[in-house]
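Now for the letters of each chain:
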Amino acid sequence: MDSGFAFWLFAVSLGASALGGMLGMAGGLFIVPILAIFGHVDIHVAIAASTVSVIACSCSSAAPFLRGRLTNIRLAITLETATTLGALSGVFLFGLIPVSYLFFLFAAILLLSAQQMMSRRGDPPGASTVADTERWTAVLRLDSSYPERALGRDIAYRVQRLPMGMMLMFGAGLISALLGIGSGVLKIPAMDTALRLPIKVSSATSNFMICVTAAGSAGAYFMRGDIVTPVAGPVALGSVVGAVLGARILMRASNASVRLLFVVVLVSFAVQMLLQAFGIRLLRGSL
Amino acid sequence: MNRATPGSAQLEWLLAGMLHYGTSLASAVIGLGLGLALIDSRFSVPKLAILRDMRIVSIGIALFILLPVVRVIVMFIVYLRQRDYRLAAIALLVLTIILLGFTVGLAGSRHGDPPTSPARLGAETVPSQTMRAISPESNSFLTAPPHTFDRQESFSRQS
């Protein structure tokens with residue numbers, strides 16, 4: 001192999017992961033389209049490689065959130081039953097879904113992410129105002145508190161509508177395995193509309209869960225031989241370095257113009273993926 | 001902290017440290033393998049050396065995949081020792097599902113499979129399964145004739 005391609009993979013993953021990290025998103029959302037469209041890597045190979053990088057990013061960025069007591073690990077492990085089950089279902093579907101459908105699905109997720117990026121997130125209404133603890137939440141003791149620096153004290157919050165949250169998490173796990181992304185785009189609605197967590201807690205907890213969810217599918221892909229080492233190696237390494245860099249820049253660059261740039265990139269990737277979906281079909285027809 | 005058990009913060013620090021050092025270790029192993037491959041491909045050493053380097057990279061990738069598994073095992077043990085049996089059971093369930101994934105992958109393994117293995121049938125990919133890794137536009141992976149092409153070998157083919 002020429003080392004040029006490995007360098008390219010490394011650099012692209014580094015950039016994607018750093019940019020993603022700046023806005024608190026996983027780089028997988030960018031890595032798969034770039035590899036598939038510009039790198040001409042087979043989409044299955046791109047997705048499997050991206051799954052490894054998703055694990056790498058999630059693991060490497062989890063520590064500060066944990067030490068800051070923002071992560072609700074009890075809730076995370078509970079929701080992980082749903083996300084890993086979803087991931088397992090995704091593994092079954094992975095080889096069965098036609099490639100063009102994968103491109104379509106990816107385009108849809110990209111557009112959804114663009115839309116989410118436009119609407120700024122805040123603490124969901126009704127967060128920590130409900131008086132009584134719900135049954136499942138009480139049984140598992142999921143309610144907790146987190147330190148709010150601005151107020152200088154701990155804020156208690158409650159976990160609401162766990163069953164609905166679990167169902168949404170199953171979907172997030174499925175998409176995550178199928179497309180090789182962290183699928184924060186689906187976890188955010190689950191965290192906000194169902195569980196109604198404070199934004200800091202939901203970001204930290206969803207990031208903490210991503211690595212276990214991705215491990216559910218990555219393990220299967222690894223054993224099945226879907227993970228191509230010369231592609232996945234540089235991508236994983238680049239993602240870790242990028243995530244570290246992205247977290248450093250985060251403080252300085254999360255303004256509206258960066259956001260807009262992201263939306264433009266996401267939409268253009270979505271269009272490319274849609275074209276690819278049609279292109280592949282046309283190609284198939286001519287063969 | 002209203003409801004947290006006394007050992008809870010301790011668990012968070014334990015997990016944070018584990019994930020931090022685990023990531024560093026796995027990244028270092030991948031970096032080592034890629035670095036060696038880079039050097040070896042420069043000096044056109046026998047293919048075997050680069051295969052070895054790629055194996056090191058594979059080990060690094062495996063470490064990354066195992067890291068979350070270890071995290072769940074650690075959580076299981078800690079909850080068990082705290083006599084928090086419900087959470088321990090949940091951790092065990094998550095662990096079982098992940099390990100089930102490994103088994104599913106192993107069952108669908110393509111080692112020695114015919115090109116049209118069940119896992120691939122619906123994918124309607126390019127005719128030659130072995131050529132799938134990279135499409136014709138990037139020639140570096142495709143200089144080998146299809147029947148001798150090995151995924152790991154690709155590193156040895158210099159442009």
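Residues numbered from 1 in each chain as written. Chains lettered and ligands numbered in written order. Predicted model: local features only at pLDDT ≥ 70, side-chain atom pairs only at ≥ 80, totals over all residues. Heavy atoms only, no water.

J.: Describe the overall build of chain B, with residues and values.
T.: Across its full length, chain B carries four helices and zero strands. Order of helices (α) and strands (β) in chain B, N terminus to C terminus: α-α-α-α. In chain B, the proportion of contacts linking residues at least 24 apart, taken out of those at least 6 apart, comes to 55%. Accessible area for chain B stands at about 8300 Å²; split by element, carbon and sulfur atoms hold 67% of it. (Helix = DSSP H or I, 4+ residues; strand = E, 2+ residues; numbered from the N terminus. Contact = heavy atoms within 4.5 Å. Areas by Shrake-Rupley, 256 points an atom, 1.4 Å probe, with all protein chains shown as cover.)

J.: Kindly report on the overall build of chain A, identifying the contributing residues and their values.
T.: When you go through chain A residue by residue, the secondary structure sums to eleven helices and two strands. Taking all 287 residues of chain A together, the buried fraction comes to 61%. Looking at chain A alone, contacts between residues at least 24 apart form 84% of all its contacts between residues at least 6 apart. (Buried < 20%, exposed > 50% of the residue type's maximum accessible area, 1.4 Å probe, protein only.)

J.: So what's going on with the pattern of salt bridges? Which residues, and what values?
T.: Side chains that differ in sign of charge can pair as their charged atoms come close. Enumeration over the complete set of coordinates arrives at five salt bridges over all chains. With a shortest N-O distance of 2.7 Å, Arg74(A) and Asp84(B) are connected by a salt bridge. Of the two residues, Arg74(A) sits in helix 4 (residues 73-94) while Asp84(B) sits in the loop between helix 2 (47-81) and helix 3 (85-107), which places them in two different chains. Across the pair, exposure class does not vary: Arg74(A) and Asp84(B) are buried alike. Put simply, Asp226(A) and Arg224(A) hold a salt bridge, and the shortest N to O gap is 3.0 Å. Across this residue pair, the class does not change: Asp226(A) and Arg224(A) are buried. Put simply, Asp40(B), Arg52(B) and Asp53(B) are held in one network by salt bridges that share partners. (Salt bridge = Lys/Arg side-chain N within 4 Å of Asp/Glu carboxyl O.)

J.: Go over the packing of aromatic side chains with me, naming the residues and quoting the values.
T.: Counting across every chain of the model gives five aromatic pairs over all chains. Judged by centre distance (4.5 Å) and plane angle (35 degrees), the ring pair of Phe94(A) and Tyr221(A) falls under tilted. Linking Phe94(A) in helix 4 with Tyr221(A) in helix 9 (residues 199-224), this pair joins segments that are 127 residues apart in sequence. Considered together, Phe94(A) and Tyr221(A) belong to a single accessibility category, that of buried residues. Ring geometry for Phe104(A) versus Phe278(A): centroids 5.4 Å apart, planes at 90 degrees, classification edge-to-face. With a gap of 174 residues between them, Phe104(A) in helix 5 (residues 99-118) and Phe278(A) in helix 11 (residues 256-286) connect regions that are remote in the sequence. Among the aromatic residues, ring-to-ring pairing joins Phe30(A), Phe38(A) and Phe269(A) into one connected group. One residue, Arg71(B), lies across the ring of Phe208(A), its end atom 3.8 Å from the ring centre. (Phe/Tyr/Trp six-rings, centres within 6.5 Å; stacked < 30°, edge-to-face > 60°. Lys NZ or Arg CZ within 6 Å of the ring centre and 35° of its normal.)

J.: I'd like a rundown of the confidence of the model for chain A, residues and numbers included.
T.: Model confidence for chain A is summarised by a mean pLDDT of 80, while 84% of its residues fall at 70 or above. For chain A, the element scoring lowest by mean pLDDT is helix 6 (residues 135-140) of chain A, at 69; helix 4 of chain A scores highest, at 91. (pLDDT = per-residue confidence, 0-100.)

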